[in-house]
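Results of the structural survey
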Amino acid sequence: MNKYILIILSLFISLSVFAETLPYNFYDTTRVPIRLSIVNEISTKDALTEGQNIELRVIKDVYYEGKTLVRKGELVNAKIETIITSGMNGFPAEIIVDDFEIPNIPDSKLMSTYYKKGQNRCLWVYPLKWSLTLIPFVGSLTNLIKGGHAKIKTKDVITIYYYPNWK
């Protein structure tokens, strides 16, 4: 039993030594928000594909330490990373956008995943389903109710973050 405790203790010590040698400073959380809007609306109703490029526009100038990082109106490219279609019982569709390409900002310094969900109808479908199970086979009809489509509109503000001190 003592051997196992020593092995676990030595494992924790070696992991803590390794964690201190990493180049990232976990105390530095300086971040700069970059607010974007999409140029053309997209929806899961449309024929979207994963990996499809989309264009976004910078809403206002972005400054850091007195320098302009990105100007208002600049175009930014991104990709649709994942599309989840709406499902039975009211599960909503989702669009996940990532791989933002901003001129003069390295991708490694961006926290840039954006999620958009459709209307979640599960909150009323499940109680309806359980209340209709008293009538044989009627509760199963609620399986046909699908969730809402995900839409990214031009008025939606997409905020991603630039971390200037990341390596």
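Here the structure is shown first, and the text comes after it.
Residues numbered from 1 in each chain as written. Predicted model: local features only at pLDDT ≥ 70, side-chain atom pairs only at ≥ 80, totals over all residues. Heavy atoms only, no water.

Glancing now at the overall build of the protein chain. For the protein chain, the helix and strand inventory stands at two helices and 11 strands. In the protein chain, the order of α-helices and β-strands from amino to carboxyl end is α-β-β-β-β-β-β-β-β-β-α-β-β. Put simply, of all contacts in the protein chain between residues at least 6 apart along the chain, 64% involve residues at least 24 apart. (Helix = DSSP H or I, 4+ residues; strand = E, 2+ residues; numbered from the N terminus. Contact = heavy atoms within 4.5 Å.)

This next bit is on the nonpolar core. Within the largest apolar cluster, 29 residues are counted, with the highest numbers of intra-cluster contacts made by Ile34, Leu36, Leu56 and Phe100. Put simply, the parts of the chain that give this core at least two residues each are strand E1 (32–38), strand E3 (53–58), strand E4 (62–64), strand E6 (75–84), strand E7 (94–101) and strand E11 (158–162). Those residues in contact with Phe100 that sit more than four places away from it in its chain are Leu36, Leu56, Val76, Asn77, Ala78, Asp107, Leu110, Ser112, Tyr114, Ile158 and Ile160. (Core = buried A, V, L, I, M, F, W, Y, C linked by side-chain atoms within 4.5 Å. Buried < 20%, exposed > 50% of the residue type's maximum accessible area, 1.4 Å probe, protein only.)

Between two aromatic rings, the relevant description is the distance of the centres plus the angle of the planes. According to the stated counting rule, one finds one aromatic pair in the structure shown. Summarising the aromatic geometry, the rings of Tyr64 and Tyr162 are spaced 6.5 Å apart at their centres and angled 90° between planes, so their arrangement reads as edge-to-face. Here the residue Tyr64 occupies a position in strand E4, and Tyr162 occupies one in strand E11, the gap between them amounting to 98 residues. Directly above the aromatic system of Tyr161 lies the positively charged group of Arg31, at a separation of 3.9 Å from the ring centroid. (Phe/Tyr/Trp six-rings, centres within 6.5 Å; stacked < 30°, edge-to-face > 60°. Lys NZ or Arg CZ within 6 Å of the ring centre and 35° of its normal.)

This paragraph deals with the pairing of E3. Because side chains alternate across E3, one face comprises the buried residues Ile54, Leu56 and Val58, and the other comprises Asn53, Glu55 and Arg57, none of which is buried. Inspection of the sheet shows E1 paired to E3 by three bridges, in the antiparallel sense. Opposite Ile38, over in E3, you have Leu56 as the bridge partner. (Pairing = 2+ DSSP bridges.)

What follows is about a nonpolar patch on the surface. A surface patch of nonpolar side chains, about 300 Å² in accessible area, is lined by Leu6, Leu9 and Ile13. On the secondary structure map, Ile13 appears in helix H1 (residues 2–20). (Patch = residues over 30% accessible without salt bridge, like charges linked within 9 Å, V, L, I, M, F, W, Y side chains within 5 Å. Areas by Shrake-Rupley, 256 points an atom, 1.4 Å probe, with all protein chains shown as cover. Salt bridge = Lys/Arg side-chain N within 4 Å of Asp/Glu carboxyl O.)

The subject of this paragraph is unusual backbone geometry. With phi around 60°, Asp99 is a residue other than glycine that occupies positive phi space. Inspection of the secondary structure puts Asp99 in strand E7. The backbone of Asn104 shows a phi angle near 70°, a positive value even though the residue is not glycine. In this structure, Asn104 sits in the loop between E7 and strand E8 (110–111). When its relative accessible area of 78% is taken as the criterion, Asn104 is described as exposed.

This brings us to the sheet that holds E7. Taken in spatial order, the seven strands of this open sheet run E8-E11-E1-E3-E6-E7-E9, and their pairing is antiparallel. If you trace the sheet from one side to the other, it starts and ends with E8 and strand E9 (114–117), each paired once. Sheet topology places E6 next to E7; six bridges connect them, and they run antiparallel. By the bridge assignment, Thr82 is partnered in E7 with Ile96.

Limitation: the analysis is restricted to geometry and does not speak to function.
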